[in-house]
Amino acid sequence: MGGDRQDYYGKHGTPQKYDPTFKGPIYNRGCTDVICCVLLLLAIVGYVAVGIVAWTHGDPRKVIYPTDSRGEFCGQKGTKNANKPFLFYFNIVKCASPLVLLEFQCPTPQICVEKCPDRYLTFLSARNSRDFEYYKQFCVPGFQNNKGLAEVLRDGDCPAVLTPSKPLARRCFPAIHARKGVLMVGNETTYEDGHGSRKNITELVEGAKKANGILEARQLAMRIFEDYTVSWYWIVIGLVIAMVLSLLFIILLRFLAGIMVWVMIVMVILVLGYGIFHCYMEYARLRGEAGSDVSLVDLGFQTDLRVYLHLRQTWMAFMIILSILEVVIILLLIFLRKRILIAIALIKEASRAVGYVMCSLLYPLVTFFLLCLCIAYWASTAVFLSTSNEAVYKILDDATCSLAGKTCNPETFRSSNESRLCPNAHCQFAFYGGESGYHRALLGLQIFNAFMFFWLANFVLALGQVTLAGAFASYYWAMRKPDDLPAFPLFSAFGRALRYHTGSLAFGALILAIVQIIRVMLEYLDQRLKAAENKFAKFLMTCLKCCFWCLEKFIKFLNRNAYIMIAIYGTNFCTSARNAFFLLMRNIIRVAVLDKVTDFLFLLGKLLIVGSVGILAFFFFTHRIRIVQDTAPPLNYYWVPILTVIVGSYLIAHGFFSVYGMCVDTLFLCFCEDLERNDGSQERPYFMSPELRDILLKGSAEEGKQEEVEE
């Protein structure tokens, strides 16, 4: 057995030797991975240069404001269309043309207007009546009524007919609704044709339906945006409640770690149990209700997700998912009950460490602020890059014109030869593009922008991990706690990380960023290959995506432990990663049954906070409870604020628990090194606290006996 253990250690590095001078994180250290530090600085300089170029050429108004046929913005201050915020289409039916999918522009004249039309009028009926002044505002600017009817419609000076419309995303679309099962536009199903007769507008409705089908996703987005505008105040309150609960949980964990862990376990089981009970009650309530037995497959996708809550199958699916989750958690608790006791001891020690370094709970705010800067710079640069193209005008014609799709100049088109060859054609704005070298390099610049975002974001996360690891390692390696704890351990660790190990952090972040950008490119290729029916290509793409996902998870795990070794010993990234990996391999059983159990317990804590806030948000936004009379705002989809509160609560809880998670990982690695360096004698005493020593060494002895029995 001894020979086997010696061979095992030989394969996984040499255990640490006793060193009487070692007292924790080394203060006398030098700079590491300088080359990567220089590369990061050069990349940042290049990133700033890309941002400056993008800001010089880009125009974000192209995203915010709609553009008329002349390429001019609607509603933009300082322009002649400043008081005309809406875009009006002369013939909305043409937006259902396949040309829209190719050119991303409706083949019909478009102008900016002050408001969308609210009545039915034809050009013929309005031309010789007092309604012409109203009708004229929907003609091209500067229109003079000095042409014949055919010439006006041929030249696209005025629309042939006006229909009641409503603005959506600053664009005028027919106001379609249903009355007694009949689709209608506005309040009528007919319109005057100019000769006193009333004609059916079924064709107009059908064309508008096709156009609106293209914009269905946009309508869903607008409704969601409306829900945010009326519920943001209550969403913020829900997130504040989640933050208070997380902070209260952390404080109680500091003083009542053992009790809080068991209370957390019981509460998670109860919350899931209530979810199962609620799903069953909804399932039973819908029994016998008309339409509740329709299957999800038959119903298909619906933009109004509330429809699914009226189906018994939906609640059955929720109940099955929650039941499986409940059974899995209970089984894990039964089989890991002894390991949970050991994990609780580690959490208690982490609580004491956090208690002595309380400012560590505020460090996630620093990480959050730096990540916000990275996201803001990436997003603004991406927007400016995507809007740095030039306006391109093309010839659009419904007829079979050989020149359709060719570029043109709107200023000279009417007097050009193209206009004579295609008399019914229009030269109008098509899209933003360009043929210069800068425009051809835009895709590469966007990829570089995404890569730098991943690199800088991973660097910020690495900086936080090294800082917290250095502070908590100072606590562990203090023989007399907290007397031997250095002053301001968090600030000292932060200064050491930036001064000596910027290159090592950049190295680890670079490796992770390369894997992440490859995953993004694989997702892009997968989207492009979805239309293809090549099953081998799909299988290969799925395998590649799975492999790189696993690789990213492994690199994150290895980086995290490498940063702990960097914080303690000040070695470079490769040496730290190798030492951390071998140390974990020499203690692989403890890693599998102890470190991951604490992660499981922290996950239960996050689920408890998220579940509590989520249930409260559900009852509030569905008007099941009222703080005061009619406080919940009217919503299109009540799941919008509920999901926002749930996701935000998880991120907040994760921010607080990430400090504990880093503390546990640091203490665990320090504990493994402490066992290799010392033996508990007076000459070589352990640095771990007596409480941690009693339960961890007892658990280690049980594991050793189990290994002997197996051998």
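By convention here, each chain's residues receive numbers from 1 onward along its written sequence. Two thresholds apply to this predicted model, a pLDDT of at least 70 for residue-level local features and 80 or more for giving and counting side-chain atom pairs, whereas whole-chain, interface and lining totals are computed over all residues. Each side-chain value is worked out from all heavy atoms of the structure, with water and hydrogens disregarded.

**Student:** Would you mind showing me how to read unusual backbone geometry here?
**Tutor:** Residues other than glycine predominantly adopt negative phi, and peptide bonds predominantly adopt the trans conformation. Located in the positive-phi region is aspartate 33, a residue other than glycine, with phi close to 50°. By secondary structure assignment, the location of aspartate 33 is in the loop between helix 1 (2-11) and helix 2 (34-57). With a phi close to 50°, phenylalanine 488 is a non-glycine residue in the positive phi region. Secondary structure counts use DSSP, requiring at least four H or I residues in a row for a helix and at least two E residues in a row for a strand, with both numbered from the N terminus. Here phenylalanine 488 lies in the loop between helix 17 (442-476) and helix 18 (489-500). Burial here depends on accessible area, computed with a 1.4 Å probe over protein chains only, as a share of the maximum for the residue type. Under 20% is buried, over 50% is exposed, and the range in between is partly exposed. The class for phenylalanine 488 is exposed, based on a relative accessible area of 60%.

**Student:** How do you make sense of the state of the cysteines when you look at a structure like this?
**Tutor:** Where two cysteines share a covalent bond between their sulfur atoms, that bond is called a disulfide. Pairs of cysteine sulfur atoms within 2.5 Å are identified as disulfides in what follows. Inspection of the entire model under this criterion finds three disulfides. Across a sulfur-sulfur distance of 2.0 Å, cysteine 116 and cysteine 172 are joined as a disulfide pair. Because the sign of the S-S torsion sets the handedness, a value of about -85° for the bond joining cysteine 116 and cysteine 172 places this disulfide among the left-handed ones. Here cysteine 172 lies in strand 6 (residues 171-174) and cysteine 116 lies in the loop between strand 2 (110-113) and strand 3 (121-122), a separation of 56 residues in the sequence. For cysteine 172, a relative accessible area of 4% corresponds to the buried category. Each disulfide pairs two cysteine sulfurs, and for cysteine 139 the partner residue is cysteine 158, the sulfurs being separated by 1.9 Å. Negative torsions about the S-S bond denote left-handed disulfides, and the value of about 115° found for cysteine 139 with cysteine 158 makes this one right-handed.

**Student:** Sorry, what's going on with the nonpolar core here?
**Tutor:** In summary, soluble globular proteins display a tendency toward joint burial of nonpolar side chains. We define a nonpolar core as any set of buried Ala, Val, Leu, Ile, Met, Phe, Trp, Tyr and Cys residues linked to one another through side-chain atoms lying within 4.5 Å. Of all hydrophobic cores here, the largest spans 100 residues; its most connected members are Trp455, Tyr476 and Leu601. The leading source of residues in this core is helix 17, at 20 residues. Residue contacts follow a heavy-atom distance rule, with two residues in contact if any of their heavy atoms lie within 4.5 Å. Those residues within four positions of tryptophan 455 in sequence are excluded, and the remaining contacts are Leu39, Leu40, Ala43, Ala506, Ala509, Leu510 and Ala513. Phe90, Ile111, Ala126 and Phe138 belong to the second-largest nonpolar core, a separate cluster that totals 18 residues.

**Student:** So what exactly am I meant to see when it comes to the packing of helix 17 against helix 23 (residues 639-677) here?
**Tutor:** Helix packing for two helices is described by the angle between their axes and how far apart those axes are. Angular values range over 0 to 180 degrees, each being the angle between N-to-C directions of two axes fitted as lines to C-alpha atoms, with helices fitted over their stretch in contact. The contact between helix 17 and helix 23 brings their axes to 9 Å, and the two run at 50°. As judged from the angle between their axes, helix 17 and helix 23 are oblique. Every pair of crossing elements has a handedness; the one defined by helix 17 and helix 23 is right-handed. Across the interface between the two elements, Gln465, Leu468, Ala469, Phe472, Ala473, Tyr475 and Tyr476 of helix 17 pack against Val659, Met662, Cys663, Thr666, Leu667, Cys670, Phe671 and Asp674 of helix 23. Classes in brief: Ala, Val, Leu, Ile, Met, Phe, Trp, Tyr, Cys and Pro nonpolar; Asp, Glu, Lys and Arg charged; the others, Gly included, polar. Residues belonging to the contact of helix 17 with helix 23 are distributed by class as follows: 12 nonpolar, two polar and one charged. Note on terminology: angles under 35 degrees are roughly parallel, angles over 145 are roughly antiparallel, angles of 65 to 115 are roughly perpendicular, and the others are oblique. By definition, any crossing whose near helix is turned counterclockwise from its far helix by less than a right angle is left-handed, and any crossing with a clockwise turn is right-handed.

**Student:** Help me understand the layout of surface pockets, please; the structure alone is not making it clear to me.
**Tutor:** Unoccupied space between atoms shows up once a probe the size of one water molecule is rolled over them. Here the largest pocket defines a volume of roughly 1,800 Å³. Whether a set of points on the 1 Å grid over the protein atoms alone is a cavity depends on a 1.4 Å probe fitting there but being unable to get out, while an open set qualifies as a pocket with protein on both sides within 12 Å along at least five of seven lines; lining residues are those with an atom within 4 Å of a point. Forming the walls of the largest pocket are 50 residues, and the residues nearest its centre are Thr367, Leu461, His654, Gly655 and Ser658. Contributing elements (two or more residues each) for the lining of the largest pocket: helix 9 (216-255), helix 14 (363-386), helix 17, helix 19 (502-529), helix 20 (535-569), helix 22 (588-621) and helix 23. Examining the composition of the lining of the largest pocket, we find that 12 residues originate from one element, helix 23, more than from any other. A breakdown of the residues in the lining of the largest pocket according to their chemical character gives 31 nonpolar, 11 polar and eight charged. Grid points are joined across faces, edges and corners, and a volume is the space filled by probe spheres set on the points.

**Student:** In this structure, what is going on with the pattern of salt bridges? I would like to understand it.
**Tutor:** Charged atoms that come close allow side chains of opposite charge to pair. The rule for a salt bridge is simple: a side-chain nitrogen of Lys or Arg has to be within 4 Å of a carboxyl oxygen of Asp or Glu. Summed over all chains, the structure comprises 10 salt bridges. One salt bridge in this structure joins glutamate 523 and lysine 545, with 3.5 Å as the shortest N-O distance. Of this pair, glutamate 523 sits in helix 19 while lysine 545 sits in helix 20, and the two are 22 residues apart along the sequence. Given a relative accessible area of 22%, lysine 545 falls into the partly exposed group. In the salt-bridge network here, residues are joined through shared partners; they are Asp118, Arg119 and Asp131.

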